[in-house]
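Remarks on the overall topology
Next come the chains, spelled out residue by residue.
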Protein chains: 2
Amino acid sequence: MSFTELANARLETIGFRSTAPRRAVLRAIESASAPFTVEELLESLPGVGRATVFRTVKLLHELDLLCRVPLEDGSIRYQLSEGEHHHHLVCRRCGQFTEFTDLELDARIQEQARAHGFTLEGHAVELYGVCRSCAAGGL
Amino acid sequence: MSFTELANARLETIGFRSTAPRRAVLRAIESASAPFTVEELLESLPGVGRATVFRTVKLLHELDLLCRVPLEDGSIRYQLSEGEHHHHLVCRRCGQFTEFTDLELDARIQEQARAHGFTLEGHAVELYGVCRSCAAGGL
DNA sequence: ATTTATGCAAAATCTTTGCATCAAC
DNA sequence: GTTGATGCAAAGATTTTGCATAAAT
């Protein structure tokens, strides 16, 4: 089942309507080859209104279907979420994100929260650097 | 030595001038009781121009004298940096940040980068939840 | 038929920039 | 006296909102 179908089904289940613009946004997200800004998504969807794209992105992010990654310069990019909780390696060169999960890392984070009497409800980890292929040949 | 003095000295060393508006911004940052947005900082400095506040914040952030913390809602808050590399516990209730360092956590991150052939150049870790005092009595 | 979603354009944010003036060195 | 910093207001960039219309259920 594709992301578009899956997300669409999920939306319908919760009571949202399956509309043509919504599906267009889902397809655009699915076919994105790299993490995108809302602006870029907007450009790839000339037929869909600004507000609709923003509203859909917000919706998908709230439903955890889309992950939002803050870059070092303060800008925000989105990427289709691969599912569960994960972290990102963000390449400064090509801009690609690589997802990873690390239970030990999460445990360490949980431990820090505990040590500070902090009730942990969420966390974000982003690594910035240069990915293997960029380091190798650059592109 | 206070933050204001320290930051001022640091700026002068690098060749920036010590000006009244700049010092006013430094003092406002030093006396902030909680992480602030640029807008809040602006409001606390009615005599200083918008542009100057933005320029100063950017400058201090680049010099690592100020840390920039992205909140879950996408907004950005700043806090005087306690110095070296660290991470944050962000309380969703009161908005206070607690800094912590964790070498083991950093090592784990380095290890993940290595495992992915990624040249690590920086990373950010934010924990979100409820701090001890908010969980206890609220405030 | 209802009710939700859309599209537009306007408004609200948030941040940067150009430029004349001013202050620091 | 040079050069860098400031303040203003204007321009950009980014996101949200109001509202009439259109589409989904």
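Structure shown above.
Remember, it's a predicted structure, so these values are computed and weren't measured experimentally.

Another aspect to go through is the pairing of strand S4 (residues 97–100) of chain B. Residues and elements named next belong to chain B. Of the pairings in the sheet, the one linking strand S3 (residues 87–91) to S4 comprises 4 bridges and is antiparallel in character. Bridging across to S4, His88 finds its partner in Glu99. In sequence, S3 turns back onto S4 through a hairpin of 5 residues, with Gly95 there showing a positive phi of about 80°.

For the rest of this paragraph, the subject is the sheet that holds strand S4 (residues 97–100) of chain A. In space, the 6 strands of this open sheet follow the order S4(A)-S3(A)-S5(A)-S5(B)-S3(B)-S4(B), with mixed pairing throughout. Each having just a single partner strand, S4 of chain A together with S4 of chain B make up the two edges of the open sheet. Geometrically, the sheet is characterised by an average inter-axis angle of 20° between neighbouring strands, direction not taken into account. On top of the sheet, helix H5 (residues 103–115) of chain A reaches strand S3 (87–91), S4 and strand S5 (119–130) of chain A together with S3, S4 and strand S5 (119–130) of chain B; it is set at about 130° to S5(A), its chief contact.

When the parts come together, some accessible area is lost, and that loss is often what is quoted as the size of the interface. With 37 residues of chain B in contact, the opposing surface of chain A contributes 37 residues. Buried area between chain B and chain A, summed over both chains or domains, comes out near 3100 Å², and the portion from carbon and sulfur atoms is 58%. On the surface where chain B and chain A come into contact, there are 6 salt bridges. Between Glu104(A) and Arg108(B) there is a salt bridge whose closest N-O contact spans 3.7 Å. Between the two partners, chain B and chain A, sit 18 residue pairs in polar contact (both at pLDDT 80 or more). If you list the elements that add at least two residues to the side of chain B that touches chain A, you get S3, S4, helix H5 (103–115), S5 and helix H6 (132–136) of chain B.

Rules used throughout
Residues numbered from 1 in each chain as written. Chains lettered and ligands numbered in written order. Predicted model: local features only at pLDDT ≥ 70, side-chain atom pairs only at ≥ 80, totals over all residues. Heavy atoms only, no water. Pairing = 2+ DSSP bridges. Helix = DSSP H or I, 4+ residues; strand = E, 2+ residues; numbered from the N terminus. Axes fitted to C-alpha atoms, helices over the stretch in contact; angles between N-to-C directions. Contact = heavy atoms within 4.5 Å. Buried area = accessible area lost by both parts, 1.4 Å probe. Salt bridge = Lys/Arg side-chain N within 4 Å of Asp/Glu carboxyl O. Polar contact = N/O pair within 3.5 Å; in protein donor to acceptor, adjacent residues only side chain to side chain.

Spatial relationships are all this shows, so hold off on functional conclusions.
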